[in-house]
Amino acid sequence: MALTPQNNEAFLREVDEELRKEQAAALWRRWGLAIAALVALGLAIFAGYLYWQHQQREAAGREGEQLQLVWDNLAAGQTEKAAPQVAELTKSDSSGYRAVALFTQADLLLQKNDLKGAAAKFGAIAADQSLAEPFRQLALVRQTMAEYDTIKPDQVVARLRGVAVPENAYFGSAGELVALAYLKQGRRDLAGRLFGQIAQAEQVPPSIRQRAVQMAGVLGVDAVPADAGTKEDVSKQ
């Protein structure tokens, strides 16, 4: 008996479903174990990643507590007690904690008036490519401060030229060192111009800007801070 169009369509759907089931079964027989193994491996990797994150958080928490203990000991004047704790933090897997610990070691050397040792420590931080650039730039500025009186002005300028730019976070400190080096070189025009830029830079700390205004004035550069007019207007209200 001939099938009606409706019965024929239903029959074709049944055949198509059976064909798909057979194809799926064949695919599973051929690749089922491999697919299951890949899924299991993916789950294991994901579980391992979650465990690693947990361990990192736990370690960061412990190191944060250790760093706080270091600061407490330093505030209490217990430098000898803090020193081994700082040394342990310099081995941290966290670049942030490691950088803070290294800076702390350098500052402790400065407290002992060991400028050469402090400069070497800051230099090591500046050369450590595993640390973020802001840490390395700050270390470069601090290194230059520590050994400013023992190196040539040319070296100061060459070392800090890339940091002593208005868009850099350390422009104030680096720019002041470079401007003073220009003065030692007899390049008063460059020094005055740089002091003027520092005085106009709103992100520079007020103490550095005030010194820059004074130095720029001595060098014949009008360097009234950018916000001076605003402050004056406010004071008149």
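Residues numbered from 1 in each chain as written. Predicted model: local features only at pLDDT ≥ 70, side-chain atom pairs only at ≥ 80, totals over all residues. Heavy atoms only, no water.

Q: Lay out the packing of helix H7 (residues 171–185) against helix H9 (residues 206–218) in plain terms, naming residues and giving numbers.
A: In contact at an axis separation of 10 Å, H7 and H9 are set at 25° when each is read in the N-to-C sense. Taken together, H7 and H9 sit at an angle that is classed as roughly parallel. Seen along the crossing, H7 lies across H9 with a hand that is left-handed. Contact with H7, carried on its side by Gly 172, Ser 173, Glu 176 and Leu 183, involves Ile 208, Arg 211 and Met 215 of H9 and no other residues of that element. (Axes fitted to C-alpha atoms, helices over the stretch in contact; angles between N-to-C directions. Helix = DSSP H or I, 4+ residues; strand = E, 2+ residues; numbered from the N terminus. Parallel < 35°, antiparallel > 145°, perpendicular 65-115°, else oblique. Left-handed = near helix turned anticlockwise from the far one by under 90°. Contact = heavy atoms within 4.5 Å.)

Q: Describe the packing of aromatic side chains, with residues and values.
A: Within this structure, the stated rule accounts for one aromatic pair. A ring pair is formed by Phe 103 and Phe 122, whose centres lie 6.0 Å apart and whose planes are at 50°; its orientation type is tilted. With Phe 103 in helix H3 (residues 95–111) and Phe 122 in helix H4 (residues 115–127), this pair connects stretches of sequence that are 19 residues apart. As far as the burial class goes, Phe 103 and Phe 122 line up, both buried. (Phe/Tyr/Trp six-rings, centres within 6.5 Å; stacked < 30°, edge-to-face > 60°. Buried < 20%, exposed > 50% of the residue type's maximum accessible area, 1.4 Å probe, protein only.)

Q: Run through the side chain of Arg 159, naming residues and quoting values.
A: Here Arg 159 lies in helix H6 (residues 153–160). Side chain to side chain, Arg 159 and Glu 147 meet in a polar contact 2.7 Å long. Not counting the four nearest positions on each side in its chain, Arg 159 is found in contact with Leu 140, Gln 143, Thr 144, Glu 147 and Ile 151. (Polar contact = N/O pair within 3.5 Å; in protein donor to acceptor, adjacent residues only side chain to side chain.)

Q: Please set out the side chain of Glu 147 residue by residue, giving values where relevant.
A: Along the chain, Glu 147 turns up in the loop between helix H5 (133–146) and H6. Dropping the residues within four chain positions of it, Glu 147 is found in contact with Ala 119 and Arg 159.

Q: Pulling in residues and values, what's your account of the nonpolar core?
A: Among the nonpolar cores identified, the biggest contains 38 residues, and Ile 125, Val 156, Leu 160, Val 178, Leu 194, Phe 195 and Ile 198 are the most heavily contacted of them. Counting residues per element, the ones that place at least two in this core are H3, H4, H5, H6, H7, helix H8 (188–200) and H9. When residues of this core are assigned to their parent elements, the largest contribution, seven residues, is made by H7. In this view, Val 156 contacts Thr 144, Tyr 148, Ile 151, Leu 177, Val 178 and Ala 181; residues no more than four positions away in its chain are not counted. Core analysis: the second largest hydrophobic core is formed by six residues, Leu 67, Ala 82, Leu 89 and Ala 101 among them. (Core = buried A, V, L, I, M, F, W, Y, C linked by side-chain atoms within 4.5 Å.)

Q: Break down the confidence of the model for the protein chain for me, with residues and values.
A: On average, residues of the protein chain score 79 in pLDDT, and 70% of them reach the 70 mark or higher. A low-confidence stretch, residues 229–237 (pLDDT under 50), is modelled with zero contacts involving residues beyond four sequence positions or located in other chains. (pLDDT = per-residue confidence, 0-100.)

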